[in-house]
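# Observations on the model geometry
Here is how the chains run, residue by residue.
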Amino acid sequence: MKNTEKPYDHRDEEPGNAQVIPITAARRRAGESDASSVEDRLAGFLDFLRRRVAGEYEVDEFGFDPELNDKVLLELIRPLYRHWFRVETSGLDNVPAEVGALVVANHSGTLPVDALMLQVALHDEHPAHRPLRLLGADLVYQLPVLGHLSRKSGHTLACPEDADRLMRKGELVGVFPEGFKGVGKPFSERYRLQRFGRGGFVASAIRAQVPIIPCAIVGAEEIYPKLGDLRSLARLLGLPYLPITPLFPWLGPLGLVPLPSKWLIEFGEPVRTDEYDPEEADDPMLVFNLTDQIRETVQQRLDRLRLQRGHAFPPFF
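Here's what I pulled together on the structure shown here. Small disclaimer: the values here were computed from a predicted structure and weren't measured.

A few words on the environment of Trp250. Locating Trp250 in the fold gives a position in the loop between strand E8 (243-244) and strand E9 (264-267). Its relative accessible area of 59% is what places Trp250 among the exposed residues. Once residues within four sequence positions are removed from consideration, Trp250 is found in contact with Ile244 and Thr245.

Here it is as structure tokens:
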């Protein structure tokens, strides 16, 4: 009787030998998928360029260009958000999905990178992908390129008229009441809130009858630790300050690379303003009390988030 049994081959006993064909097929499928993804992205980009050239895009009365903001401007800073600062958010369910609201956050970091990270958080992480319409200082709009890009991103001048119009339209508006006092404070005062101005943001929210969302941002204080200030040069350049950090100006342009601190952003429970009549926005005592309440809320959340985060520069994983 003829022996049909397969001859012994030691290669049959090598671990993983039977998986050679499946692995090869999987790799081929992965390569095809990658190629398809690249083709889809290229086609999407070419279609985006076609619409821009043809003028087939919308810009609102403030100059906000949603498509440019999402496809270009936010795309440029998403790597910082996801991989450099590794931002984690919480409390997003406190931010309404459709109606107008005012997000009030602490401001820090020497350069206003926290404003950009907050914008990415609400656009990418919120279920409704809400664009944040930030209220910026006059200096921002006095600079030609920066002012133009800020308008395209949906931001506008920090004035009651613009804030009221945006919130009444149902937009999500963001404000940093500390202003340059917060973003430019020395590293020795990190996570200690500065004065919240005169409370104009509270008056605007009461007039528009929208909730105020306290927001705490931990992580920005460590990206450019401000150790000193070149005041004479700052005045010459018309800047509120010109910082000295561990890397700037010693390393030149490399000193502008932010340190990779770990970030946490938390959105607190809304403070209702529809319990008041719009006319009460002119009551200075009411506005002062609400402003102080929101400032204290943000400070408490900052203190808790710092403990929760732990070390500012945990190892990368």
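Let's pick the thread back up.
Along the chain, the position of His155 falls in the loop between helix H5 (144-152) and strand E4 (156-157). Owing to a relative accessible area of 9%, His155 belongs among the buried residues under this scheme. Taking the C-alpha atoms as reference, His155 lies 7.3 Å from Phe64; in sequence the two are 91 residues apart. With residues near it in sequence (within four places) discarded, His155 still touches Gln119, Leu132, Arg133, Leu134, Tyr141 and Ser150. Reaching out from His155, the side chain makes a polar contact with the side chain of Gln119 at a distance of 3.4 Å.

Over its 26 residues, helix H10 (residues 284-309) extends 37 Å from the first C-alpha to the last, a length consistent with the 38 Å expected when each residue adds 1.5 Å. Taken as a whole, H10 has its buried residues at Leu286, Val287, Leu290, Thr291, Ile294, Val298, Gln299, Arg301, Leu302, Leu305 and Arg309. Residues of H10 that are buried sit in contact with strand E2 (101-105), helix H8 (200-208), strand E6 (212-218) and E9. Two or three places before Met285, at the start of H10, stands the capping residue Asp283, its side-chain oxygen 3.1 Å from that residue's backbone nitrogen. Following H10 by one or two positions, Gly310 adopts a phi angle in the positive range, close to 80°.

Attention now goes to the side chain of Thr291. Residue position: Thr291 is located in helix H10. Separated by 2.7 Å, the side chain of Thr291 and the backbone oxygen of Val287 make a polar contact. When sequence neighbours within four positions are dropped, the list of residues in contact with Thr291 reads Phe196, Gly199, Phe201 and Val202.

The two faces of the sheet receive side chains in turn, since in a regular strand these alternate between them. With five of five residues buried, strand E3 (residues 132-136) is to be regarded as a mostly interior element. Where burial is concerned, the two faces of E3 agree: the one with Leu132, Leu134 and Gly136 and the one with Arg133 and Leu135 are both buried. With two bridges connecting them, E3 and E4 associate as parallel partners. Residue Gly136 lies in a different strand from E4, and its bridge partner there is Leu157.

So, about the nonpolar core. Leu102, Val104, Phe201, Val202, Ile212 and Ile294 are the most contacted members of the largest nonpolar core, which has 32 residues in total. Listed by contribution, the elements that provide at least two residues to this core are E2, helix H6 (160-168), strand E5 (172-175), H8, E6 and H10. Not counting chain neighbours up to four residues away, the residues in contact with Val104 comprise Val175, Pro177, Phe196, Phe201, Ile212, Ile213, Pro214, Cys215, Ile294 and Val298. Counting residues in hydrophobic clusters, the runner-up holds 30 residues, among them Tyr81, Leu92, Ala115 and Phe176.

Here we come to H6. All buried positions along H6 are accounted for by Asp162, Ala163, Asp164, Leu166 and Met167. Tucked inside the fold, the buried residues of H6 contact E2, E3, E4, E5 and H8. Looking at the residues trailing H6, positive phi occurs at Gly170, about 90°.

Bringing the sheet that holds E9 into the picture now. In spatial order, the strands read E1-E9-E6-E2-E5-E3-E4; together these seven strands make up an open sheet with mixed pairing. The two strands at the open ends of the sheet, each matched to only one other strand, are strand E1 (88-90) and E4. Pairing of E2 with E5 involves four bridges; the strand directions are parallel. Within the sheet, the bridge partner assigned to Val103 lies in E5 and is Gly174. Sitting on the sheet, H8 is in contact with E2, E5 and E6, with an inclination near 165° to E2.

Let's shift gears to the packing of H8 against H10. Relative to each other, H8 and H10 sit at 110°, their axes nearing to 9 Å. Taken as axis vectors, H8 and H10 run roughly perpendicular relative to one another. Touching Phe201, Val202, Ala203 and Ile206 of H8 are Leu286, Val287, Leu290, Thr291 and Ile294, all from H10. Residues that form the contact of H8 with H10 fall into these classes: eight nonpolar, one polar and no charged.

About the thresholds
- Residues numbered from 1 in each chain as written.
- Predicted model: local features only at pLDDT ≥ 70, side-chain atom pairs only at ≥ 80, totals over all residues.
- Heavy atoms only, no water.
- Helix = DSSP H or I, 4+ residues; strand = E, 2+ residues; numbered from the N terminus.
- Buried < 20%, exposed > 50% of the residue type's maximum accessible area, 1.4 Å probe, protein only.
- Contact = heavy atoms within 4.5 Å.
- Polar contact = N/O pair within 3.5 Å; in protein donor to acceptor, adjacent residues only side chain to side chain.
- Expected span 1.5 Å × (residues − 1).
- Pairing = 2+ DSSP bridges.
- Core = buried A, V, L, I, M, F, W, Y, C linked by side-chain atoms within 4.5 Å.
- Axes fitted to C-alpha atoms, helices over the stretch in contact; angles between N-to-C directions.
- Parallel < 35°, antiparallel > 145°, perpendicular 65-115°, else oblique.
- Nonpolar A, V, L, I, M, F, W, Y, C, P; charged D, E, K, R; others polar.

These figures capture arrangement, not role.
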